[in-house]
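Residue-level listing of the chains:
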Amino acid sequence: EFQIPIDFRFKNGTKIENRSVQLTKLSEDFYFALPWKPEIARIDPEYGLLAKIDFKKPRDMLFAQLEDESDMIGRIWAIEALQKKGDKKTVEALAKRLNEDPFWGVRIEAAKGLNEIHSEEAREALLASQVQPDDRARQAVARAIGGFYHESVPDALIHRLSEEENPMIAANLIRSLAPYSNSETQQTLLRELNSDGFRQFRSNAAISAMKA
């Protein structure tokens, strides 16, 4: 026999209901009477269990969880679940998180999620989200854009490259130009080849892009 305590949390706006149960079998069903319809349902909301929880939820609950700024991990898990959908509404929701979330880590996951969806709408959302206040989020967007191949990509990368001061992010932008062989791209790579910056990140990236 075993006993594992599991906590549940249900939310509707500012209203919160917590419930606790004891898991004693390999398979059990639990039912809860609630005073209102929950917008968000969470298992182990305080992360006390050493376990990966697979909790399949309706899309509306995932979208609500994605907007809950009091639950950072919950927002990341919502992104992981929603990126499997890939529809236009999901792209819009992830793009909003990418541009508005208060935590850079959630922005990174939103960029990865858009790259995973890999649709035209996802590509355009990433291209429109290159200006990020945190270097780590900006780096994630640069990497995600590099995963797409489309005629709109090189111009956007070159424009961003002219404004990017972080040499490591600039290097990622340069390497993402490798698949494109138009004249503007070639001129950009030649210019970056002759650049003189911190640890030669930009010039080394230009060499890698040219080789590729």
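Residues numbered from 1 in each chain as written. Predicted model: local features only at pLDDT ≥ 70, side-chain atom pairs only at ≥ 80, totals over all residues. Heavy atoms only, no water.

Draft legend 1. Here's a closer look at unusual backbone geometry. Phi at His 118 takes a positive value of approximately 60 degrees, unusual for a residue other than glycine. Within the secondary structure, His 118 sits in the loop between helix H4 (104-117) and helix H5 (120-127). At Arg 199, a position not held by glycine, the phi torsion is positive, near 50 degrees. Structurally, the position occupied by Arg 199 is in the loop between helix H9 (183-193) and helix H10 (201-211). (Helix = DSSP H or I, 4+ residues; strand = E, 2+ residues; numbered from the N terminus.)

Draft legend 2. Molecular detail of helix H3 (residues 88-100). Between its terminal C-alpha atoms H3 stretches 18 Å, which fits the 18 Å expected from 13 residues at 1.5 Å a residue. Those residues of H3 that fall on the buried side of the exposure criterion are Thr 90, Val 91, Ala 93, Leu 94, Ala 95, Arg 97 and Leu 98. Buried-residue contacts for H3 involve helix H1 (59-66), helix H2 (72-82), H4, H5 and helix H6 (135-145). Sitting at the amino-terminal end of H3 is Asp 87, which places a side-chain oxygen 3.2 Å from the backbone nitrogen of Lys 89. (Expected span 1.5 Å × (residues − 1). Buried < 20%, exposed > 50% of the residue type's maximum accessible area, 1.4 Å probe, protein only. Contact = heavy atoms within 4.5 Å. Polar contact = N/O pair within 3.5 Å; in protein donor to acceptor, adjacent residues only side chain to side chain.)

Draft legend 3. Region of the structure containing the pattern of salt bridges. Inspection of every chain in the model, using the stated rule, returns 19 salt bridges. The residue Arg 97 makes a salt bridge to Asp 101 at a minimum N-O spacing of 2.6 Å. This pair shows no difference in class: Arg 97 is buried, exactly as Asp 101 is. Through salt bridges with shared partners, a single ionic network connects Glu 67, Glu 69, Arg 75, Lys 96, Arg 97 and Asp 101. (Salt bridge = Lys/Arg side-chain N within 4 Å of Asp/Glu carboxyl O.)

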